[in-house]
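# Breakdown of the fold
These are the residues of each chain, in order.
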Amino acid sequence: MGKEKKRLYGNKYVNVEDGKLKIGNFSCLDLAKKWETPIFLFLEEKIQENINYISSIFSEIFPQSQGFYSVKSNYLQKTAEIVKEEQFGAEIVSLTELQMLKRIGFDHTKIIVGGPYLPDKFLMQIVQMQIPYIVIYDLIDISRISQTITKILGANSNYCPKILLKFQTKKYTSRHGLHNNKETYKLISEIFKKNTNVEYAGVLSHFGTRLKTWLQYEENMKNLIEIVQKIKKISGLSSKILDIGGGFSNADSLKEKEFRTYLVGCKNMLYQAGFQNSIIFYEPGRFIVEDTGFCIAEVIRVDPIHKVVFLNIGNNYIPKFMKSSLRFYNATRITEAPNSPFDFMGNIPSDQDILIKNYNFTKSVSRGDIIVIANVGAYALTWSTRFPYSFPNILFLSKKQIIEYKTRSNSLIFPNS
Ligand SMILES: Cc1ncc(COP(=O)(O)O)c(C=O)c1O
């Protein structure tokens, strides 16, 4: 008889083959035996595939577009190396990320930097590396950039970064970025007249993460269009670049037809507003990495009365802030039907450490079972609250090979990445 293979929940890299749960070509039980759990496991090929998927769909709908991977969603160096190999861009908010990109020889012309906090050291590095695009959240940063250029490169330097402005969105919680009011628009015009070694380029409008409906995409576009029109009317400046930010769901959950419909909808709005010649920037994080990451954990206790499964990893490394759609598989009992609801909790001595509630799982789950949690590739380490347990082992899987990115034997006691 041939091998029996069944794909689980649409992710072609997660299969049950001859009664074994496999990620890529590797058995989860074997991985758990070889490396101590908890393990974080990332699929190189899937990262590549997601980048190709998003860049091909964007370049088809917006021929003048450029993508930048939002490094904060998974800032491991290996992830950035894969992005570099795919010749995709990078969006960063910190000096640490910029130094990492420099270390791996990332093409500096494909980097967009910026954010709410631009300390002097960060600005100096941005100027030294001549990063072409800078997003600012506070108008004061424009003159700071201008002064840094003069200080480091002199008054006659050719470096003239393109500045994008981040405005607050219409969400009632939105506070980061510039106010959408007349005062701001007047100031913008004065500031760019005064600081001639920076160039106004356009606007960034990032609505939020995990956008699920067309209404959210539409809201983002409306905001962007309204701001760009006001910048033209009041400040007298033309926006060449429209940056729609990130916020796309993970690649496996965002089906091509649905994704295309959203993007065509955005394009129609932009065309109707007369922006058919604009360059579109997009900054996906979650889309590229969420479904490429898995955690292999172990059951440390089952409470049959409250129907709780305790794992040897919890919110310290799989935090609620990551807003991911977690999926749990029992690798030890993969052929058993998951039809019994359990809560999953972690190993932190706090009642708050809940990973998920009422998740249909294998009834006979027991201490020592190996559990695989899917969709942990984005924001897990970013938002992690640590707790003084040791760092999980981190592996990258290519088609045939396992790369020990960081294992307990080669890591510091409490490293961050
Ligand atoms: C400006 C900007 N761009 C891109 C992203 C990435 O978002 P996501 O991972 O949801 O695609 C973020 C996330 O907060 C952001 O603030």
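Residues numbered from 1 in each chain as written. Predicted model: local features only at pLDDT ≥ 70, side-chain atom pairs only at ≥ 80, totals over all residues.

### Focus on the site of the ligand
The ligand sits among 15 residues. The nearest are Ser70, Thr209, Gly246, Gly285 and Arg286. Its residues assigned to classes, the shell around the ligand shows four nonpolar, eight polar and three charged. (Near = placed C-beta within 6 Å. Nonpolar A, V, L, I, M, F, W, Y, C, P; charged D, E, K, R; others polar.)

### Notes on the sheet that holds strand S6 (residues 65-70)
Read around the barrel, eight strands follow the order S6-S7-S8-S9-S10-S11-S12-S13 and close on themselves; strand pairing throughout is parallel. Averaged over all pairs of adjacent strands, the angle between strand axes in this sheet comes to 25°, irrespective of strand direction. Across three bridges, the pairing between strand S12 (residues 241-243) and strand S13 (residues 279-282) is parallel. Note that in S13 the partner of isoleucine 241 across the bridge is isoleucine 279. Against the sheet, helix H8 (residues 214-235) engages strand S11 (199-204) and S12, with an angle of about 155° to S11. (Pairing = 2+ DSSP bridges. Helix = DSSP H or I, 4+ residues; strand = E, 2+ residues; numbered from the N terminus. Axes fitted to C-alpha atoms, helices over the stretch in contact; angles between N-to-C directions. Contact = placed C-beta atoms within 7 Å.)

### Focus: the packing of helix H2 (residues 44-61) against helix H3 (residues 77-85)
In contact at an axis separation of 10 Å, H2 and H3 are set at 45° when each is read in the N-to-C sense. When the axis of H2 is compared with that of H3, the two are oblique. The two elements H2 and H3 meet at a crossing, and its hand is right-handed. Together, Glu44, Ile47, Gln48 and Ile51 of H2 and Thr79, Ile82 and Val83 of H3 make up the contact between the two elements. Taken together, the residues of the contact of H2 with H3 break down into four nonpolar, two polar and one charged. (Parallel < 35°, antiparallel > 145°, perpendicular 65-115°, else oblique. Left-handed = near helix turned anticlockwise from the far one by under 90°.)

### Focus on H3
Among the residues of H3, Thr79, Ala80, Ile82 and Val83 are the ones counted as buried. Buried positions in H3, seen along its axis, are confined to an arc of 155° and lie on one side of it. As for H3, its buried residues are in contact with strand S5 (39-43), H2, S6, strand S7 (89-92), helix H4 (95-103) and helix H10 (286-289). Positive phi appears at glutamine 87, one or two residues downstream of H3, with a value of about 60°. (Buried ≥ 20, exposed ≤ 12 C-beta atoms within 10 Å, placed from the backbone. Arc of directions from axis to C-beta.)

### Brief notes about the domain arrangement of the protein chain
How big an interface is tends to be expressed through the accessible area that disappears when the partners come together. Partitioning the protein chain into structural domains gives domain 1 (5-44 + 293-406) and domain 2 (107-284). On a C-alpha basis, the centres of domain 1 and domain 2 stand 37 Å from each other. Of the residues lining the interface, five residues belong to domain 1; the matching set on domain 2 comes to five residues. Of the residues contributing to the side of domain 1 that touches domain 2, the split by class is no nonpolar, four polar and one charged. (Domains from an automatic or database assignment.)

### Comments concerning the sheet that holds strand S4 (residues 26-27)
As summarised here, the arrangement of the four strands in space is S1-S2-S3-S4, forming an open sheet in which the pairing is antiparallel. In this open sheet, the two strands that pair with only one neighbour each are strand S1 (5-8) and S4.

### Quick look at the environment of threonine 79
Mapped onto the elements, threonine 79 comes out in helix H3. On the neighbour-count criterion, threonine 79 (23 C-beta atoms within 10 Å) is buried.

### Looking at the pairing of strand S17 (residues 338-345)
With three bridges connecting them, strand S15 (residues 308-311) and S17 associate as parallel partners. Bridge assignment links valine 308 to a residue of S17, and that residue is aspartate 343. With six bridges joining them, S17 and strand S18 (residues 354-362) adopt antiparallel strand pairing. Note that in S18 the partner of serine 340 across the bridge is phenylalanine 361.

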